[in-house]
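Remarks on the overall topology
So the chains spell out like this:
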Amino acid sequence: MNTYKLLTPGPLTTTSTVKQEMLVDRCTWENDYKEITQKIRSQLLELAYAANGEYTAVLMQGSGSFVVESVLTTALSKSDKVLIITNGAYGKRIVKMAECIGLNHVEYGVEYNEYPKEAEIRNILLDDRDITHIAMVHCETTTGILNPIEMVSKISNEQGKSLIIDAMSSFGGVEMNVPELGIDYLISSANKCIQGIPGFGFVIAKLEKLLACEGNARSLSLDLYDQWKEMDKDGKWRFTSPTHVVAAFAKALEELTEEGGIPARFTRYKNNNDRLRELMGKLGIHAYISPDKQSPIITTFLFPTETFDFGDFYNFIKERGYVIYPGKLTDIDTFRIGNIGEIHEEDIEELGRIVDKYMKVVTV
């Protein structure tokens, strides 16, 4: 067993009690297990401030990308068209999914360290009346930017568009009132801010919109409507569910409540992030994203020098108990450090001491 902690955007460091839930084997047909699924669905709606009956929660096997693709293939019919707003690799992945599925779509892309512009979105919608849906990533873990969800939701509501939000790295760590924002499909994953284990994701969907999607899906396994229809009966998944992961997630939800809910978790994450950027800045390592656009989830840092060796830096840190992330930008040398999961102030302080020691070693 490794003893290092993951300073990554998910998978992330989980509590020992979440891990312990996976030591029990469960049968997918047992009522006790199906009740776990139903309880999770109710709790997710509560976290989203969404009323059961107006919204529903659907769990889907696979990674977060599987779940994003399940929404795209289900929510859009052949006559629909989606505007995909991108400023990072995960927005670009939605574009690639749309291409693979054969969806009618248009991309509006901006620089990775910039927000999409309201006027430009409005102009695109004005010029292209065929657009029926808008899709955007909330927290782009490519860079750590937290996109302006309120601005985009306002436009979507005014223009009568269906809104799809990839909140993979933000839901559970950043408060979102899904009904107030008018989000029709919010997508996230078990192994992010709720601090569970990889293996499934979930969609908080406006029921009226989901009911209209019957027959849209171009995939059997990723048909979100059919998954909801089966799961809504008694909690039974259509196909084999990741039972150990589901049980761990149920425990993670309990621990989120014990911590004080999303507001308390946001505060811990933000304090981690503020202190991380402060410590790194003092060592001459600066963030790529400006503070006003920075999420409390993950930070992209620029290489401090032209001769900086990330592999050596990574191994130095790992040998001392922490794992960080390589960068995802293609034109700038960067690395990333996440501060979600079971990470606390003392971990950030210890990381600062490790990086300080490394910088002194390599500059001597």
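Scoring rules and cut-offs
- Residues numbered from 1 in each chain as written.
- Predicted model: local features only at pLDDT ≥ 70, side-chain atom pairs only at ≥ 80, totals over all residues.
- Heavy atoms only, no water.
- Helix = DSSP H or I, 4+ residues; strand = E, 2+ residues; numbered from the N terminus.
- Buried < 20%, exposed > 50% of the residue type's maximum accessible area, 1.4 Å probe, protein only.
- Lys, Arg positive; Asp, Glu negative; His and termini not counted.
- Salt bridge = Lys/Arg side-chain N within 4 Å of Asp/Glu carboxyl O.
- Polar contact = N/O pair within 3.5 Å; in protein donor to acceptor, adjacent residues only side chain to side chain.
- Contact = heavy atoms within 4.5 Å.
- UniProt positions renumbered as here; feature names shortened; annotations may be inferred.
- Pairing = 2+ DSSP bridges.
- Axes fitted to C-alpha atoms, helices over the stretch in contact; angles between N-to-C directions.
- Arc of directions from axis to C-beta.

The residue aspartate 80 is located in the loop between helix H3 (64-75) and strand S3 (82-86) in this model. Within the buried set, aspartate 80 has no salt-bridge partner at all; the shortest N-O distance to an opposite charge, 7.4 Å, is to arginine 218. There is a polar contact of 2.9 Å between the side chain of aspartate 80 and the backbone nitrogen of serine 77. Sequence-distant contacts of aspartate 80, that is, excluding residues within four places in its chain, are made with Ala75, Asn104, Thr132 and His133.

Another point: the pattern of salt bridges. Applying the stated criterion to the full structure yields 22 salt bridges. Across the pair glutamate 254 and lysine 251 runs a salt bridge, and its minimum N-O distance is 3.5 Å. Here glutamate 254 pairs with lysine 251, and both are found in helix H10 (residues 243-259), just three residues apart, close to one helical turn. Across the pair lysine 282 and glutamate 278 runs a salt bridge, and its minimum N-O distance is 3.5 Å. Residue lysine 282 and its partner glutamate 278 are located together in helix H11 (residues 261-282), separated by four residues, close to a single helical turn.

According to UniProt, the positions carrying the feature "modified residue: N6-(pyridoxal phosphate)lysine" (unreviewed entry) are Lys192. With respect to the helices, strands and loops of the structure, lysine 192 is situated in the loop between strand S9 (185-189) and strand S10 (200-206). Excluding residues within four positions of it along the chain, lysine 192 makes contact with Pro9, Gly10, Leu12, Met168, Ser169 and Ile340.

A separate point is the UniProt feature "domain: Aminotransferase class V" (unreviewed entry) in the protein. Listed under "domain: Aminotransferase class V" (unreviewed entry) in the UniProt record, and renumbered for this structure, are residues 33-326. As annotated, residues 33-326 has a helix share of 44% and a strand share of 18%, and its two end C-alpha atoms lie 38 Å apart.

Attention shifts here to the sheet that holds S9. Two strands in a sheet stick together by hydrogen bonds in their backbones, pointing the same way (parallel) or opposite ways (antiparallel). Ordered in space as S2-S10-S9-S8-S5-S3-S4, the seven strands form an open sheet in which the pairing is mixed. Two strands in the sheet have a free side with no partner beyond their single neighbour: strand S2 (55-61) and strand S4 (105-109). Strand-to-strand twist in this sheet, taken as the mean axis angle between neighbours without regard to direction, amounts to 20°. Seen against the sheet, helix H5 (residues 118-127) touches S3, S4 and strand S5 (133-137) and runs at an angle of roughly 160° to S3.

Considered for burial, the residues of helix H12 (residues 310-318) that qualify are Phe310, Phe313, Phe316 and Ile317. Buried residues of H12 fall within an arc of 125° about the axis and therefore sit on the same side. Residue aspartate 309 occupies the N-cap position of H12, its side-chain oxygen lying 3.1 Å from the main-chain nitrogen of glycine 311.

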